[in-house]
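Remarks on the overall topology
So the chains spell out like this:
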Amino acid sequence: MARRTRHAALALFPVLALAATMTACATRVDTGSQGDGSTIDLVQDGKLITCTHLSYKPFQYTEGDKTVGFDVDLVDLVAKDLGVTQEIFDTPFDNITSGSVFSTSDCDLAAAGMTINEDRKKAIDFSDPYFDASQVLLVKKDSGIADLPALKGKRLGVQQDTTGEEYGRANAEANGYEVVEYEDLPLLTTAVRTGAVDAAINDNGVMLDYAKEFPDTEVTAEFATDEQYGIGMKKGNTALQTKVNDVLKKAKESGEYDRIYEKWFGKKPESK
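Since the structure is predicted, the reported quantities are computational estimates derived from the model, not experimental observations.

Turning our eyes to something else, we now look at the packing of helix H1 (residues 70-82) against helix H10 (residues 256-265). Axis separation between H1 and H10 bottoms out at 9 Å; the angle between their running directions is 160°. The angle between H1 and H10 falls in the class roughly antiparallel. The chirality of how H1 crosses H10 is right-handed. Residues Phe70, Asp73, Leu74 and Leu77 of H1 form the contact with H10, whose own contacting residues are Glu256, Tyr257, Ile260, Tyr261, Lys263, Trp264 and Phe265. Tallied by class, residues from the contact of H1 with H10 come to 8 nonpolar, no polar and 3 charged.

What follows is the structure in structure tokens.
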């Protein structure tokens, strides 16, 4: 698909019940740090509105009355650099990948554990990659299902409009399993625990986190799909794209990115 201490502490915000089109006046933010005199137009004054699809723990999810996660912390760095505050807008994932959330001015950018691929790049622009991902198989503990061939005659759960769904469907005929769609990650993972499906496929970050939280499940296979996450924005919004890339670059150089990564994944990212 479609993953929170900070350089300077910023408050995290609850999910907003925003209207389909925002009526608040936009604000223009100077981005002189780029050296080109460009400006960034934000859809709401003093805010950076981030579209996401909850829940996708540990990248973005609700904890109490706040939305928290790895992606949230990274975008907070962008908001801080712009001198505004981040707010979260929860929306179906395909509204993000299709670009509709930008054409209706629902949000400024999207951070949703979202893999960069050619189809999505036709509809939205992406930041530089910020997270490496692969697909993995989640099953009940001691199920004996170690790979896709072991699913012959069984049911594989997938999350709609994700790269996991693409991979699961592409390998279904060869391995003889049925694909069952779910709208979001919680429904998908719950289906594994209740036995509604025999296994589920999704990104490594969320599935490994889930298996840690629910030890009656386990990850038994990983598929080297060589995916990378990017932060999405409206096509042609080069000023915001440049700003996001600049903030990500500085965070990696300063060690702030490593600190946020370790907070949410319990280890520093592997160097390449």
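On to the pattern of salt bridges, then. Side-chain pairs of opposite charge can arise where the charged atoms are in close proximity. For the coordinates displayed, the defined rule picks out 15 salt bridges. Note that Glu213 and Lys57 form a salt bridge whose closest N and O atoms lie 3.1 Å from each other. You can see Glu213 sitting in helix H8 (residues 204-213) and its partner Lys57 sitting in the loop between strand S3 (47-52) and strand S4 (61-63), a full 156 residues away along the chain. Lys57 sits in the partly exposed class, given a relative accessible area of 26%. Counted as one network, the salt bridges with shared partners bring together Glu165, Arg169 and Glu181.

Reading across from one edge, S6-S3-S7-S14-S8 is the order of the 5 strands in this open sheet, with mixed pairing throughout. Looking at the sheet topology across the chains shown, the edges are occupied by strand S6 (85-90) and strand S8 (124-126). Across the sheet, H1 is in contact with S3, S6 and strand S7 (109-110); its angle to S6 comes to roughly 135°.

For the rest of this paragraph, the subject is the pairing of strand S12 (residues 199-203). The element S12 is extensively covered by neighbouring structure, given that 5 of its 5 residues are classed as buried. For strand S9 (residues 131-140) and S12, the ladder comprises 5 bridges, and the chain directions are antiparallel. Within S12, the residue paired with Gln135 across the bridge is Asp203.

Here the focus is the environment of Asn117. For Asn117, the position within the fold is in the loop between S7 and helix H4 (118-121). Residue classification places Asn117 among the buried residues on the basis of a relative accessible area of 16%. For Asn117 and Glu227, which are 110 residues apart along the polypeptide, the C-alpha to C-alpha distance reads 8.3 Å. The contacts of Asn117, once residues within four sequence positions are left out, are Thr163 and Glu166.

Of the pockets and cavities examined, the largest pocket occupies roughly 820 Å³. Counting only elements with at least two residues in the lining of the largest pocket, the list comes to S9, H8, strand S13 (217-229) and H10. Here the element with the most residues in the lining of the largest pocket is S13; it accounts for 7 residues. Of the residues contributing to the lining of the largest pocket, the split by class is 12 nonpolar, 7 polar and 10 charged.

Mapped onto the secondary structure, Asp106 falls in the loop between helix H3 (100-103) and S7. The buried charged residue Asp106 lacks any salt bridge, with Lys234 as its nearest oppositely charged partner at 12 Å. Here the side chain of Asp106 touches Thr104 through a polar contact of 3.1 Å, side chain to side chain.

Calculation notes
Residues numbered from 1 in each chain as written. Predicted model: local features only at pLDDT ≥ 70, side-chain atom pairs only at ≥ 80, totals over all residues. Heavy atoms only, no water. Axes fitted to C-alpha atoms, helices over the stretch in contact; angles between N-to-C directions. Helix = DSSP H or I, 4+ residues; strand = E, 2+ residues; numbered from the N terminus. Parallel < 35°, antiparallel > 145°, perpendicular 65-115°, else oblique. Left-handed = near helix turned anticlockwise from the far one by under 90°. Contact = heavy atoms within 4.5 Å. Nonpolar A, V, L, I, M, F, W, Y, C, P; charged D, E, K, R; others polar. Salt bridge = Lys/Arg side-chain N within 4 Å of Asp/Glu carboxyl O. Buried < 20%, exposed > 50% of the residue type's maximum accessible area, 1.4 Å probe, protein only. Pairing = 2+ DSSP bridges. 1 Å grid on protein atoms, 1.4 Å probe; cavity = no way out; pocket = protein on both sides within 12 Å on 5 of 7 lines; lining within 4 Å. Points joined across faces, edges and corners; volume = space filled by probe spheres on them. Lys, Arg positive; Asp, Glu negative; His and termini not counted. Polar contact = N/O pair within 3.5 Å; in protein donor to acceptor, adjacent residues only side chain to side chain.

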